[in-house]
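Architecture and fold: a report
Given next are the chains, with one letter for each unit.
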Amino acid sequence: MNVSEQQVIKVGVIGCGMMGEVHARTLHDSVRDVAVTCVHDADVSRAGEVAASIGARVSTTPEELVGEVDAVVIASPDGAHATQAVLALAHGCFVMCEKPLATTAAEALAVVDAELAIGQRRLQVGLMREFDPGHAAIAAAVRSGELGDTVVTRSTHLNPRPWLYPMPAERAITQSMIHDIHSVRFLSGAEVLDVDVDTVVEPANGSVRYVSARLRMSDGSIGIIDLSVGTGYGYRVDAEVVGTIATMATTDPASTTLWREGRAEQVVPDNWPERFATTYRDELVAWIDSLRNGVSVGATAWDGYVANLVAEACVASAETRLRVEVSIPERPSFYDR
Ligand code: NAI
C-alpha cells in the first residue's frame, strides 16, 4: 500500500543518542498517525532504554529495521549516515537523515545517485533551520523581492562551551558549520562560487575556537559565516539578509526581558535543544505531512551534497589560507524546489 494511504506510518529510528531520542520522542508524543515501531543503536542497551520509553521494539541491525518500517530517521554519528541512507532507500523507505548527509561529498553523491535511481524524492536532510520561523520569514522576503537585491547574507553560530574533545577545523566545519553553509544558500537562494576561510585555534591542542568564512555567491552577493565555541553565556544562532531596499534579521526567540536594578536582561538558550526545540518538532511534522501529500519539503539530498562540497572547499581554504573555488555540477531538475 502507498504510504500516503496508510492510516499509521511506521517509523524506525537508527541511532538513539541525544538527537535520536529527541526525534523518537517527538514522533511518539507530538506527531499524529505515526508509530515509532522499532529503534536501533550500536549500543543495544541504549536502544532498549529508548524503545522502552515509547513502546517500540529493538532491531538488532539497521538491515532488520529498514525491512520493518515505511520511513526511517537516521540519527547515528555522521560517518554512518550515507551508508544507512542508501540502505534505507534501497528498501523503499522514506528517510529523514540528520545533518551532515555524509562526511564527504563523494559519499553524499552516492545518496543522491541512489535517490535519482528510484526516481522519487524520498530523503530529507535534517538541516532544520528551514523550519525555524525567523529563517523561513527571511527566505520568503528574499524570494518576494521585498528586500531588493541581496547584498550580504549572514549566519552567526555561537556555541556556549568549548568542545569536550579537541576539535579540528575540518570537523567543526563539516559537523557544525554545515548548518550555516545551508542557511546562506537557503536564505539567499543563490549558489556558492568560492570560499575564503580563517580560523582561530587553541594554542595548546589545535582545537578550533572560531571559524570565519566568506562565501562569494552566484548572484554577486556575499555570505558571511561566524562559528565560534565557548561564548560562556549560552547558544546563539542569528541570521540576517542585507538587501538594497531593506534588511531583515532573526530576533532571539527567547522573547522575555527582565528589567531589574538598572538592567534589562534577556534569557539566552543554553544550547541547541532549547533554541530549536519547536523547530525539530516542526521539521518532523512537515516530513510526515510530506509523506502523506507527496510534496517533499526541507533540504534535499542535493542540498546535503552541495553543503558537503562547500564544506570541503572551506576545509581546504582553512588549511591553505587561500580562496578556494567550489565546483558544483549542474543540479538535476529532479531537485528543483
Ligand atoms: P550521540 O553521540 O548522542 O548519539 C549517537 C548514537 O548513535 C549513540 O547512541 C551511539 O551508540 C549510536 N551509534 C554509533 N554508531 C552507530 C551506528 N553505526 N549505527 C547506529 N547507531 C550508532 O550523537 P547526537 O548528538 O545524538 O548526534 C547524532 C546525529 O545528529 C549526528 O549526525 C549529529 O551531527 C546530528 N546532530 C544534529 C543536530 C541538529 O541541529 N540537526 C544537533 C546535534 C546533532
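Below or above, wherever it landed, is the structure these notes cover. Predicted model only: the values in this text are computed from it and were never measured.

Here is what the cut-offs are and how they apply
Residues numbered from 1 in each chain as written. Predicted model: local features only at pLDDT ≥ 70, side-chain atom pairs only at ≥ 80, totals over all residues. Heavy atoms only, no water. Near = heavy atom within 4 Å. Polar contact = N/O pair within 3.5 Å; in protein donor to acceptor, adjacent residues only side chain to side chain. Areas by Shrake-Rupley, 256 points an atom, 1.4 Å probe, with all protein chains shown as cover. Helix = DSSP H or I, 4+ residues; strand = E, 2+ residues; numbered from the N terminus. Contact = heavy atoms within 4.5 Å. Buried < 20%, exposed > 50% of the residue type's maximum accessible area, 1.4 Å probe, protein only. Pairing = 2+ DSSP bridges. Right-handed = clockwise from strand over helix to strand, strands pointing away.

What about the site of the ligand?
- Near the ligand there are 25 residues, and of these Met19, Asp41, Asp78, His81 and Tyr280 occur at the shortest range.
- The contact in question runs from a nitrogen atom of the ligand to an N or O atom on the side chain of glutamate 98, over 3.0 Å.
- Between glycine 126 and the ligand, the recorded distance is 3.5 Å, taken from a backbone N or O atom to a nitrogen atom.
- In the complex, 75% of the free accessible area of the ligand, which totals 850 Å², lies under the protein chains.
- Every element with two or more residues in the shell around the ligand is listed here: helix H1 (18-30) and helix H4 (81-90).

As for the side chain of serine 176
- Residue position: serine 176 is located in helix H7 (residues 169-188).
- Setting aside residues no more than four positions away along its own chain, serine 176 makes contact with His157, Asn159, Trp163, Arg171 and Leu227.

Considerations on the pairing of strand S4 (residues 71-74)
- With burial as the criterion, each face of S4 is covered, one bearing Ala71 and Val73 and the other bearing Val72 and Ile74.
- Strand direction decides the pairing type here: strand S1 (residues 9-14) and S4, joined by four bridges, are parallel. Note on S4: the bridge partner recorded for valine 11 is alanine 71.
- Each parallel crossover has a hand, and the one from S4 via H4 to strand S5 (residues 94-97) is right-handed.

Quick look at the environment of valine 241
- Mapped onto the elements of the fold, valine 241 is located in strand S11 (residues 236-243).
- Residues valine 241 and threonine 153 lie 88 residues apart in sequence; the distance between their C-alpha atoms is 4.5 Å.
- Contacts of valine 241, omitting those with residues within four sequence positions, involve Ile138, Val142, Leu147, Thr150, Val152, Thr153, Leu187, Ala246, Thr247 and Met248.

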